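As a plain string of letters, each chain reads:
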Amino acid sequence: MWVVHMADYYDYVLGFVPLALVGITAVLSAVGVDTLVAVPVGAAAAGLAVGHALFVNGPVVRPADPSDDAPARSSTGQAPINAD
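Reading guide: rules and limits
- Residues numbered from 1 in each chain as written.
- Predicted model: local features only at pLDDT ≥ 70, side-chain atom pairs only at ≥ 80, totals over all residues.
- Heavy atoms only, no water.
- Helix = DSSP H or I, 4+ residues; strand = E, 2+ residues; numbered from the N terminus.
- Buried < 20%, exposed > 50% of the residue type's maximum accessible area, 1.4 Å probe, protein only.
- Contact = heavy atoms within 4.5 Å.
- Areas by Shrake-Rupley, 256 points an atom, 1.4 Å probe, with all protein chains shown as cover.
- Patch = residues over 30% accessible without salt bridge, like charges linked within 9 Å, V, L, I, M, F, W, Y side chains within 5 Å.
- Salt bridge = Lys/Arg side-chain N within 4 Å of Asp/Glu carboxyl O.
- Polar contact = N/O pair within 3.5 Å; in protein donor to acceptor, adjacent residues only side chain to side chain.
- Expected span 1.5 Å × (residues − 1).

## Some thoughts on the overall build of the protein chain
So, point 1. Of regular secondary structure, the protein chain possesses two helices and zero strands.
So, point 2. Considering the protein chain as a whole, with its 84 residues, one finds that 10% of them fall into the buried category.
So, point 3. Sequence separation of at least 24 residues holds for 43% of the intrachain contacts in the protein chain that already meet a minimum separation of 6.
So, point 4. Carbon and sulfur atoms make up 69% of the accessible area of the protein chain, which amounts to about 7,100 Å² in all.

## What to know about a nonpolar patch on the surface
So, point 1. A cluster of nonpolar side chains, namely V50, L54, F55 and V56, defines an oily patch on the protein surface of about 440 Å² accessible area.
So, point 2. With respect to the secondary-structure elements, V56 resides in helix α2 (residues 35-56).
So, point 3. For V56, a relative accessible area of 62% puts it in the exposed group.

## Let's talk about the side chain of T25
So, point 1. Looking at the secondary structure, you find T25 in helix α1 (residues 9-31).
So, point 2. At a separation of 3.5 Å, a polar atom in the side chain of T25 contacts the main-chain carbonyl oxygen of A38.
So, point 3. Aside from chain neighbours lying at most four places away, what touches T25 is A20, A38, V39 and G42.

## Overview of α1
So, point 1. The terminal C-alpha atoms of α1 lie 31 Å apart, and with 23 residues this matches the ideal 33 Å at 1.5 Å per residue to within 8%.
So, point 2. Those residues of α1 not exposed but buried are V13, A20 and T25.
So, point 3. Where α1 is buried, its residues touch α2.
So, point 4. Looking one or two residues past α1, G32 carries a phi angle of roughly 120°, positive in sign.

Have a look at this one:
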């Protein structure tokens, strides 16, 4: 079975975090801004992206497909254990 994974919002956020931290810091340093100022600005941009992903566009649980009556199976083929 082939697993096809489409990149979604959180994949882009994870890619943007190091890009913002390193990229913004490098651009500001190249322009002539002191490194002690450029690093916090890049970190703030990365932090804002993470904050947006967590609190503004937070992850949601999608409702289960009602046509699927079988219990969910893990990759081992066994039903999950209910600890309650």
